[in-house]
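Here is how the chains run, residue by residue.
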Amino acid sequence: MPLYPEIEPYDHGLLDVGDSNRLYWEVCGNPHGKPALMLHGGPGSGCTPGHRRYCDPARYRIVVLDQRGCGRSTPHASAYDTDMRVNTTAHVLADLELLRRHLGIERWLVWGASWGAVLALRYAQTRPGAVSELVLTGIATGSNAEVALLTHGLGRIFPDAFARFLAALPEHADRTGNLAAAFNRLIESPDPAVRERAARAWTDWETAIIPAPPRSVARYEDPAFRMAFARTVTHYFGNDHFLGAGNDEGVVLRDAPLLRGIPGTLVQGSLDLGNLLGTPWRLHRAWPDSELVIVDQAGHNAAAPGVVDALVAATDRYGTGD
């Protein structure tokens, strides 16, 4: 695998971003290098040591963070009393700007996977002067059509798993509407047993729809991770990703022309089921400064062979610039 060697941060901290939230951040690599911001997926997955390894540490000042409610940030979404009303796309975008200013960075390359790609795209659309390049994988735009595919649409491809997924909802629940919102209502229940069953059913479905190896997801066996992840994902999926009106086909895709002048690389596995909506191709066509790299036999996984090669090649190329 062409990932750079494991590396430890030379600086880290907790940034007070308001609303009683403190974000964990870390910086590694070259203190005088080109800044790069690494955005994890989910929403609610948290960062891992692997996020440090997609950029050359000799060339880059690599910034990694845990977004609100996950990882080492506080409060954690697994705690029932954590206020999710202050965990929205607008809040997280503002957090990124606070962190950029805190670290004294003018512009940075922004790397994102899955939800991190959605966040990176919206950040670049709303703060274009802060972004030098984008490197994205597991391409998504946070549209309601994408949520409908992941919840309802894939039920035709994985019917047994979908039946188990629906069976986790109460008999009176609307099984034709927004399933993420229905599961989020269960996860917000005051009954711990109801919350846990709903979180487990959600992560079981997430595991079932992985079309390419690895099919097991060990992190879902951690009760705190499972609860925080399922709570945060359903919170966002059930609320239009907090992108506002007109998100059925995608606010982010609609605003792709705002990315003009920002170079970008889109790396997509051919077996990523998000491809069924054509999102990577539609985004690429609407964003003339982007390149699209399709990796054969890879799914929705930034660590897959071929995907890693293309992502590292992109950061290497961009690392020779400013």
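Residues numbered from 1 in each chain as written. Predicted model: local features only at pLDDT ≥ 70, side-chain atom pairs only at ≥ 80, totals over all residues. Heavy atoms only, no water.

Caption draft 1: Fine view of the pairing of strand β1 (residues 11–18). Here β1 runs beside strand β2 (residues 21–29); their pairing, made up of seven bridges, is antiparallel. Bridging across to β2, D11 finds its partner in V27. Remark: two residues form the turn of the hairpin made by β1 and β2, two consecutive strands paired antiparallel; D19 in that turn has positive phi of roughly 60°. (Pairing = 2+ DSSP bridges. Helix = DSSP H or I, 4+ residues; strand = E, 2+ residues; numbered from the N terminus.)

Caption draft 2: Fine view of the sheet that holds strand β7 (residues 264–269). Pairing is mixed in the open sheet, where eight strands are placed in the order β1-β2-β4-β3-β5-β6-β7-β8. If you trace the sheet from one side to the other, it starts and ends with β1 and β8 (290–295), each paired once. Each strand of the sheet is rotated relative to its neighbour by a mean of 20°, with strand direction disregarded. Looking at chain direction, strand β3 (residues 34–39) and strand β5 (residues 108–113) are connected through four bridges and run parallel. The partner of L37 across the bridge, within β5, is V110. On top of the sheet, helix α2 (residues 115–126) reaches β3, β5 and β6 (131–137); it is set at about 155° to β6, its chief contact. Relative to β6, helix α10 (residues 307–318) is tilted by about 175°, and along the sheet it contacts β3, β4 (60–65), β5, β6, β7 and β8. (Axes fitted to C-alpha atoms, helices over the stretch in contact; angles between N-to-C directions. Contact = heavy atoms within 4.5 Å.)

Caption draft 3: Quick look at the pattern of salt bridges. In the structure shown here, the tally under the stated rule is 17 salt bridges. Between R52 and E26 there is a salt bridge, and its shortest N-O distance comes to 2.6 Å. Residue R52 is located in the loop between β3 and β4, and its partner E26 is located in strand β2; the two are separated by 26 residues in the primary sequence. Of the residues examined, E26 reaches a relative accessible area of 1% and is grouped as buried. A salt bridge links D66 to R72; the nearest nitrogen and oxygen atoms lie 3.4 Å apart. Judged by relative accessible area, D66 falls into the buried class, the value being 0%. By relative accessible area, which is 41% here, R72 ends up partly exposed. Salt bridges sharing common partners tie together E8, E26 and R52. (Salt bridge = Lys/Arg side-chain N within 4 Å of Asp/Glu carboxyl O. Buried < 20%, exposed > 50% of the residue type's maximum accessible area, 1.4 Å probe, protein only.)

Caption draft 4: Just the packing of helix α5 (residues 179–187) against helix α7 (residues 223–237), in detail. Where α5 contacts α7, the axes come no closer than 8 Å and their chain directions differ by 135°. Between α5 and α7, the angle falls in the class oblique. Where α5 crosses over α7, the handedness of that crossing is left-handed. The segment α5 lies against α7, with A180, F183, N184 and I187 engaging M227, A230, R231, T234, H235 and F237. (Parallel < 35°, antiparallel > 145°, perpendicular 65-115°, else oblique. Left-handed = near helix turned anticlockwise from the far one by under 90°.)

Caption draft 5: Quick peek at the packing of α5 against helix α6 (residues 192–208). One can describe the packing of α5 onto α6 by two numbers: an axis separation of 7 Å at closest approach and a directional angle of 145°. On the side of α5, the interface is formed by A180, F183, L186 and I187, while α6 contributes V194, R195, A198, A199, A201 and W202.

Caption draft 6: Quick look at the nonpolar core. Counting 42 residues, the largest nonpolar core has V110, L134 and L136 as the members making the most contacts within it. Counting residues per element, this core draws most heavily on α2, which supplies eight residues. Once residues within four sequence positions are removed from consideration, L134 is found in contact with V110, A120, L121, A124, L259, I262, P263, G264, T265, W287 and Y318. Counting residues in each nonpolar core, the second largest holds 32 residues, with L169, A201, A208 and M227 among its members. (Core = buried A, V, L, I, M, F, W, Y, C linked by side-chain atoms within 4.5 Å.)

Caption draft 7: The arrangement of the environment of A199 in detail. Within the element layout of this structure, A199 appears in helix α6. Between the C-alpha atoms of A199 and R226, which are 27 residues apart in sequence, the distance is 6.4 Å. Among residues more than four places away in sequence, those in contact with A199 are I187, R226, M227 and A230.

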